[in-house]
Amino acid sequence: METPRMREAILSKARQEAQALIEDARTKAGEMVVKADEQWRQRFEAEKKRLLSESRREAARIIAQADLKARQELLKEKDSIIKEMIGRVKERLTGNTSETSTLERLIGEAVGAFESEQPLKIMASGKDIRRVKDIVSGDPALKDRITGVSEAACMGGVICESVDGRVSVDNTFDTRLQMLIPKMLPQVGKVLFGEHER
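Predicted, not measured: the structure shown is a model, and the values here were computed from it. (Residues numbered from 1 in each chain as written. Predicted model: local features only at pLDDT ≥ 70, side-chain atom pairs only at ≥ 80, totals over all residues. Heavy atoms only, no water.)

### Digging into the nonpolar core
Item 1. In terms of nonpolar packing, the biggest core is built from 20 residues, with Ile107, Ile122, Val132 and Val158 touching the most fellow members.
Item 2. Of all the elements in the fold, those that place two or more residues in this core are α2 (100–112), β1 (120–124), α3 (129–138), β3 (157–162) and α5 (173–193).
Item 3. If one sorts the elements of this core by residue count, α2 sits on top with five residues. (Core = buried A, V, L, I, M, F, W, Y, C linked by side-chain atoms within 4.5 Å. Buried < 20%, exposed > 50% of the residue type's maximum accessible area, 1.4 Å probe, protein only. Helix = DSSP H or I, 4+ residues; strand = E, 2+ residues; numbered from the N terminus.)

### As for the environment of Ile159
Item 1. With respect to the helices and strands, the residue Ile159 is situated in strand β3.
Item 2. Separated by 36 residues in the primary sequence, Ile159 and Met123 place their C-alpha atoms 5.1 Å from one another.
Item 3. Once residues within four sequence positions are removed from consideration, Ile159 is found in contact with Lys121, Ile122, Met123, Ala152, Ser168, Val169, Asp170 and Thr172. (Contact = heavy atoms within 4.5 Å.)

### Side note on the sheet that holds strand β4 (residues 168–172)
Item 1. An order of β2-β1-β3-β4 is seen for the four strands of this open sheet, with the pairing classed as mixed. Bordering the open sheet on either side are β2 (146–151) and β4, each of which pairs with just one other strand. Strand-to-strand, the axes of this sheet are offset by a mean angle of 15 degrees, without reference to chain direction.
Item 2. Relative to β4, β3 runs antiparallel, the two being bridged by five bridges. Note on β4: the bridge partner recorded for Ile159 is Asp170.
Item 3. Those strands touched by α2 are β1, β2, β3 and β4, and its axis lies near 25 degrees from that of β3.
Item 4. The strands touched by α5 within the sheet are β3 and β4, with β4 carrying the most contacts at an inclination of about 75 degrees. (Pairing = 2+ DSSP bridges. Axes fitted to C-alpha atoms, helices over the stretch in contact; angles between N-to-C directions.)

### So, the packing of aromatic side chains
Item 1. Taken as a whole, this structure holds one aromatic pair when the rule is applied.
Item 2. Relative to Phe44, the ring of Trp40 has its centre 5.4 Å away and its plane inclined at 15 degrees; by these criteria the two rings are stacked. Here the residue Trp40 and the residue Phe44 both occupy positions in helix α1 (residues 2–95), the gap between them amounting to four residues, near one helical turn.
Item 3. Under the relative-accessibility criterion, Trp40 is labelled exposed at 53%. (Phe/Tyr/Trp six-rings, centres within 6.5 Å; stacked < 30°, edge-to-face > 60°.)

### Notes on α3
Because an α-helix completes one turn every 3.6 residues, residues spaced three or four positions apart along the sequence face the same direction.
Item 1. Those residues of α3 that fall on the buried side of the exposure criterion are Ile129, Val132, Ile135 and Val136. The arc enclosing the buried residues of α3, seen along the axis, measures out at 125 degrees, which places them on a common side. More than 90 degrees from the buried face of α3, the exposed residues found are Arg130 and Gly138.
Item 2. Of the surrounding secondary structure, the elements contacted by the buried residues of α3 are α2, β1, α4 (140–145), β2 and β3. (Arc of directions from axis to C-beta.)

### Overview of the side chain of Ser162
Item 1. The topology assignment puts Ser162 in strand β3.
Item 2. Those residues in contact with Ser162 that sit more than four places away from it in its chain are Phe114, Gln118, Pro119, Leu120, Lys121 and Val167.

### A few points about the pattern of salt bridges
Item 1. A full pass over the atoms with the stated rule returns 17 salt bridges.
Item 2. Across the salt bridge formed by Arg26 and Glu23, the nearest N and O atoms sit 3.5 Å from each other. In this pair, Arg26 and Glu23 are both assigned in helix α1, three residues apart and thus about one turn of the helix distant.
Item 3. Taking relative accessible area as the criterion, Glu23 reaches 37% and is therefore assigned partly exposed.
Item 4. For the salt bridge of Asp128 with Lys127, the shortest nitrogen-to-oxygen distance reads 3.4 Å.
Item 5. Here Asp128 falls in the buried class, since its relative accessible area comes to 0%.
Item 6. On the accessibility criterion, Lys127 (23% relative accessible area) is partly exposed.
Item 7. One continuous salt-bridge network, built from bridges that share partners, spans Glu47, Arg50 and Glu54. (Salt bridge = Lys/Arg side-chain N within 4 Å of Asp/Glu carboxyl O.)

In structure tokens form, the structure reads like this:
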């Protein structure tokens, strides 16, 4: 009979050891599940942060591109307005006959730029030639010095040139406008588009 008791004792001990192993396995499995859950959560958070960071960068890039495009469009429109305005100024200068006092001043400046008393010739816009000739013939000093008046392709004003053509003084509206436009553009921009230009 001792054999059944021994068997029972061995079985009981085996059951206790098996139960202890099962409990230990359950504890370890629970710890592994918690650890795996924490790792998953950390990976999820890291991936979420990465995706958010990429999204923010992409949004910033899109906003910057849109801002740049808007600025370019605005600058194109401003440039178009200024070009139209300059075109209108040129049309008025080309279409209108210059005033006698303006031509007298331009001729005086151009002739005065020559330091010697050498003979000169004057060129002017076709619309202004008659007035220039009248100014020259009406002024004894100019009449003696100017050898001829001819036509030049310009909006107005005069070109004064030495007879040999080596030295000339361009006092045309075209040249004056070319020199004036770069200086005036910032002021024109302020008047047309406001004080807060960049």
